[in-house]
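Structural overview for review
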Amino acid sequence: MAMIDTRYETHEHDVIVVGAGGAGIRAAIEAAEQGLRVALVCKSLLGKAHTVMAEGGIAAAMGNVDPADNWQVHFMDTMKGGKFLNNWRMAQIHAQEAPDRIRELELWGAVFDRTPDGKILQRPFGGHTYRRLCHVGDRTGLEIIRTLQDKAVHTPNIDVFMECTISHLIKNGDEVTAAFGYWRETGKFVLFKAKAVVLATGGIGKAFKVTSNSWEYTGDGHVLAYDVGADLIDMEFVQFHPTGMVWPPGVAGLLVTEAVRGEGGILTNSKGERFMEKYDPARMELSTRDIVAKSIYTEVKEGRGSPHGGVFLDVSHRGADYVKRRLPSMYHQFKELADVDITTGPMEVGPTTHYVMGGVKVDPETAQSTVPGLFAAGEVAGGMHGANRLGGNSLSDLLVFGRRAGMGAATYAKGVASIPAVDEAAVQRAIAEMVEPFERKGENPYTIHQELQMMMQANVGIVRIDADLRKAIEQLKRIQERAKTTSISGSVTYNPGWHLAKDLKTMATISEAVARCALQRTESRGGHTRLDYAEYDPYWSTVNSIVRKNADGSMEVTTAPLPVMPEELKKLFEEEKR
Amino acid sequence: MAEARLKVYRGDSGGGQYVEYKVPVEAGMVILDAIHYIQGAYAPDLAVRWNCKAAKCGSCSGEVNGKPSLMCKTRLDDFDLSEPIEVRPIKTFPVVKDLVTDVSWNYEINKRIVPFTPTNTNTDEWKIYQDDVDRVQEFRKCIECFLCQNVCHVLRNHDKKDLDDPKHLFAGPRFMVRIASLEMHPMDGANRVPFTKNEAGIGYCNITKCCTEVCPEDIHITDNAIIPMKERVVDEFYDPVLMIWRKMTGKK
Ligand SMILES: Cc1cc2nc3c(=O)[nH]c(=O)nc-3n(C[C@H](O)[C@H](O)[C@H](O)COP(=O)(O)OP(=O)(O)OC[C@H]3O[C@@H](n4cnc5c(N)ncnc54)[C@H](O)[C@@H]3O)c2cc1C
Ligand code: SF4
Ligand code: SF4
Ligand code: FES
């Protein structure tokens, strides 16, 4: 058995931000610019968060290419894409503030692709009425995270802690007052005391087998918040992106950016039919993601799929030069990983688990959760995207609500006189939980993780039915029990098996939330498709799902009425109909 | 099913050795898939960095049969599988464990480079054409894999990494690219040329182009970033006209 040092180091800051993707870094910059001392903690190296992988673009109604665009249209597109389950106020703030966040990025050094008259170029994307996505080829996320990262490291008062994983939040009374975790490099424990905590940890895709997400997407922030009593909303809404790679096996699930369709890519089945004509003749390939994903699923299920169980996506008619210039990383990705030249022929694509719309319930103005002192922004937060997210609306969400979370946390922290005390017993419980896997004999966490992924993919995936969901909830109970008995070999230094032992519990919890919400919502809407309830249900258009931890540790799933949209916004939709 | 043998470096700052593992080969498999297989089947504690698995994040740098590579982009079927494939961490930075190295030095260097400093803070007044920024965008493709830092002999063999002594410090090709991206930005007003000469140690580079050869983003590091920066250093420090002007005006 490894000897484990159970001591811990302590840091004190006004605000701790957990997560250094777009949302987390933006939050840290804002809080620091308000004069507070900020800890920015992330479990990978700085600059490697998921945001770096975003490809297609960032949505903002700048009107550079289509001058008719404005926030109202962006707001309406977002609500329609989300099947009106979005928090209307978040969608409004997002549409109003996104253009300013883009200008600010430029001012911090981002270099977007240009229009012929020297402005930021914007491209079309699914569900967006106008050409709205600012982009840099198909590496928009890299541009954004690098810009934010450089801004942050040159902003005084931000201390960066990288390759440091937060495993527990610690409460004192009703308030969150500390985050506890460990350095991946050394395995040493660390406590961050703070007046306010911002969660910006991203998504949950690693609970599924076929996913575009990295090892980081284990739902940490969702479960950290849930464990300290915060409400989660709409966890049944997981986005299955219509186009992931399907072949070869090692890259199955890797994202094929929607920009391929934005740049004119055409979807066909094995009979050569352009099948989107059947499902959404008006918008065709640029329909919303939920619709395109379900269409592909149906084509494959009905026997019209490609050799490796997908469909064909072809952009080669745009010509080799155009494709290489506009979609350079897609060109390389297929060439190098699949031996396919997308400038001369089609790619094979199929749905992949991509994004979670559900998340921590937050106040639209301040991004505060239902727990005082705890804030959330980015993919970990819920409400903004409703039942289905439009492409490009995540990157803008990160900036708009990352900034607001930083502001919200700063305001909250300024109201707290001194760094609050920390409950030492809770710290000791966290340490004991982390040390356990070294001290017992049990299963390999990798084995259980693979089972979890297969199970979620099969039962809580792109189409769902009552019986499968109940089976999933049963099996999750057993997985949760087994996850408490895993054992680990080796030392605490950079030990991925040890990290997975903890992540596994987290994924099992968030998976239960997804399955229970999916069982509760007896209708089909956006990313949530029930074969046994295939239609919209008027009742379910009036409520969000709520997940909460009961005092006895069990999971409670209920509903809450949607916030009521004010008349002047409702009018926008009525005027459009006329 | 075909089988590959991987000899993977296992060790930490105190030293280590190669351990051989057998991995069943699937179509299209990359080295990182094989490493993940080893973690699941034999060695859950095998340390490796990765995120995107799509050559976008620059986390998974290593040396495969001696060649600096992204492990997520290096395919098993490029190798003769009758021989074992050797996988080791990049060499220029100290090993933390197994395939993971301590690259924090690079983050220290980045902090020293004066950030983007716009000459006009009203972006609505900016007119930037695509031609003006093609070069800058080439530099901004950098995914910070640090493979160029790994192969540059100034860092790898001569260890010019002394953060406390500019005489023994070379910022390395990655940061020459970074400096060039800022210097060539049409709206930037800062002057990083003295820094490039005196603190970033551009004089150490003798244009061997090894960095350019390994860059997974095909950035022309030497031709497009380093040589133009060297020219700016020459213009600013050794140009006789400029030198007289400096003496007369007393400006640096
Ligand atoms: C391949 C791909 C392409 C995409 N393309 C687009 C696009 O074109 N346009 C668009 O709008 N959206 C796109 N998205 C979605 C978008 O990129 C993500 O939703 C977004 O980047 C999430 O940002 P974030 O700041 O919330 O989290 P992330 O960028 O994922 O950052 C999460 C951070 O939290 C840290 N973290 C997590 N858990 C812990 C813990 N326990 N302790 C400490 N730190 C922790 C991580 O280390 C990381 O720093 C894409 C997504 C993928 C996967
Ligand atoms: S060209 Fe210069 S920076 Fe590049 S490897 Fe050679 S010496 Fe190093
Ligand atoms: S310049 Fe190229 S090789 Fe160097 S860090 Fe950037 S991407 Fe990697
Ligand atoms: S894992 Fe991102 S570059 Fe290899």
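The structure we're discussing is the one just above.
Residues numbered from 1 in each chain as written. Chains lettered and ligands numbered in written order. Predicted model: local features only at pLDDT ≥ 70, side-chain atom pairs only at ≥ 80, totals over all residues. Heavy atoms only, no water.

1. A word on the pattern of salt bridges
Under the definition given, this model contains 71 salt bridges over all chains. A salt bridge links A:Glu236 to A:Arg521; its shortest N-O distance comes to 2.6 Å. Linking A:Glu236 in the loop between strand 10 (232–233) and strand 11 (238–245) with A:Arg521 in the loop between helix 15 (496–520) and strand 17 (543–549), this pair joins segments that are 285 residues apart in sequence. Of the charged contacts, one joins B:Glu86 and B:Arg88 as a salt bridge, the two residues approaching to 3.4 Å between their closest N and O atoms. One salt-bridge network, held together by shared partners, links A:Arg89, A:Glu97, A:Glu365, A:Arg403 and A:Arg404. (Salt bridge = Lys/Arg side-chain N within 4 Å of Asp/Glu carboxyl O. Helix = DSSP H or I, 4+ residues; strand = E, 2+ residues; numbered from the N terminus.)

2. Some words on the site of ligand 3
Taken together, B:Cys142, B:Ile143, B:Glu144, B:Cys145, B:Phe146, B:Cys148, B:Arg174, B:Cys215, B:Pro216 and B:Ile221 make up all the residues around ligand 3. Of the residues assigned to the shell around ligand 3, the class counts are eight nonpolar, no polar and two charged. (Near = heavy atom within 4 Å. Nonpolar A, V, L, I, M, F, W, Y, C, P; charged D, E, K, R; others polar.)

3. Section: helix 10 (residues 328–338) of chain A
Residue and element names in this part refer to chain A. Burial in helix 10 covers these residues: Met330, Tyr331, Gln333, Phe334, Leu337 and Ala338. Those residues of helix 10 that are buried are in contact with strand 11, helix 6 (259–262), helix 9 (320–326) and strand 14 (347–356). Within two residues after helix 10, Asp339 carries a phi angle of roughly 55°, on the positive side. (Buried < 20%, exposed > 50% of the residue type's maximum accessible area, 1.4 Å probe, protein only. Contact = heavy atoms within 4.5 Å.)

4. Things to note about the packing of aromatic side chains
Under the definition given, this model contains 20 aromatic pairs over all chains. With 5.5 Å between their ring centres and 55° between their planes, A:Phe438 and A:Trp498 make a pair best called tilted. A residue pair is termed long-range when its members are at least 10 positions apart, and A:Phe438 in helix 12 (residues 424–439) and A:Trp498 in helix 15 qualify at 60 residues. Judged by its relative accessible area of 6%, A:Phe438 is buried. Relative to B:Phe146, the ring of B:Tyr107 has its centre 6.4 Å away and its plane inclined at 75°; by these criteria the two rings are edge-to-face. Taken together, the positions of B:Tyr107 in helix 2 (residues 104–112) and B:Phe146 in the loop between helix 3 (130–140) and helix 4 (147–151) put the pair 39 residues apart, joining distant regions of the chain. (Phe/Tyr/Trp six-rings, centres within 6.5 Å; stacked < 30°, edge-to-face > 60°.)

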